[in-house]
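# Residue-level structure breakdown
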Amino acid sequence: YDKYFPLVEFAVERQLKKNKDDYWLQATKLELAILKDDIAQASTTVADALTCDPDEWSKNSTKQNLEKLYKKKVSLKGESEMNWLKEIIESF
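Description of the structure in this document. This is a predicted model, so every value here is computed, not measured.

### Here we look at helix α3 (residues 39-51)
Given a rise of 1.5 Å per residue, 13 residues ought to cover 18 Å, and the 19 Å separating the end C-alpha atoms of α3 matches this to within 8%. Those residues of α3 lying buried are A42, T45, V46 and A49. The arc enclosing the buried residues of α3, seen along the axis, measures out at 110°, which places them on a common side. Looking at α3, the residues exposed on the side facing more than 90 degrees away from the buried face are A40 and T51. Contacts from the buried residues of α3 go to α2 (23-35) and α5 (83-90).

Here it is in structure tokens:
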């Protein structure tokens, strides 16, 4: 996981330079920010993702992924530490 994380981040950033309006790239960037607990990046990226005007099924798919991440992070850190993520999920 740790070995490949920077490579995936680099690939996503590189693709976003070509097409910043790609919802799936933005959603992936959001999930990566959440995985590393980067609240500022996650907050910015959620706005960027929703600006892409995704289909409802796309937003639901992302929301389901974020809910899985939320459950795992709550089990590790506690619910009070993850309020920021809950707010992001509610925006979908």
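### Points about the nonpolar core
The biggest cluster of nonpolar side chains holds 18 residues, and the ones touching the most others in it are L30, I34, L66, L85 and I88. The set of elements that each furnish at least two residues to this core consists of α2, α3, α4 (56-77) and α5. When residues in this core are grouped by element, the largest group, 5 residues, is from α2. With residues near it in sequence (within four places) discarded, I88 still touches L30, A42, S43, V46 and L66.

### Overview of the packing of aromatic side chains
Under the criterion given, the structure shown has 2 aromatic pairs. Between the aromatic rings of Y23 and W24, the centroid separation amounts to 5.2 Å while the plane-to-plane angle is 70°, which identifies the pairing as edge-to-face. Residue Y23 is classed as buried on the basis of its relative accessible area of 7%. Judged by relative accessible area, W24 falls into the partly exposed class, the value being 36%. Aromatic pair W24 and W57: ring centres 5.6 Å apart, planes at 40°, arrangement tilted. Taken as a pair, W24 in helix α2 and W57 in helix α4 lie far apart in primary sequence, 33 residues in all.

### Comments concerning the environment of P6
Relative to the elements of secondary structure, P6 occurs in helix α1 (residues 5-18). Along the backbone, P6 and L32 are 26 residues apart, and their C-alpha atoms lie at a distance of 9.8 Å.

### Here we look at the packing of α1 against α2
Two numbers describe how α1 lies on α2: the axes approach to 10 Å, and their chain directions differ by 145°. You can see that α1 and α2 cross each other, and the crossing is left-handed. When α1 is examined against α2, the residues F5, V8, E9, V12, E13, Q15 and L16 are found in contact with a partner set consisting of L25, Q26, T28, K29, L32 and L35. A breakdown of the residues in the contact of α1 with α2 according to their chemical character gives 7 nonpolar, 3 polar and 3 charged.

The rules behind the values
Residues numbered from 1 in each chain as written. Predicted model: local features only at pLDDT ≥ 70, side-chain atom pairs only at ≥ 80, totals over all residues. Heavy atoms only, no water. Helix = DSSP H or I, 4+ residues; strand = E, 2+ residues; numbered from the N terminus. Expected span 1.5 Å × (residues − 1). Buried < 20%, exposed > 50% of the residue type's maximum accessible area, 1.4 Å probe, protein only. Arc of directions from axis to C-beta. Contact = heavy atoms within 4.5 Å. Core = buried A, V, L, I, M, F, W, Y, C linked by side-chain atoms within 4.5 Å. Phe/Tyr/Trp six-rings, centres within 6.5 Å; stacked < 30°, edge-to-face > 60°. Axes fitted to C-alpha atoms, helices over the stretch in contact; angles between N-to-C directions. Left-handed = near helix turned anticlockwise from the far one by under 90°. Nonpolar A, V, L, I, M, F, W, Y, C, P; charged D, E, K, R; others polar.

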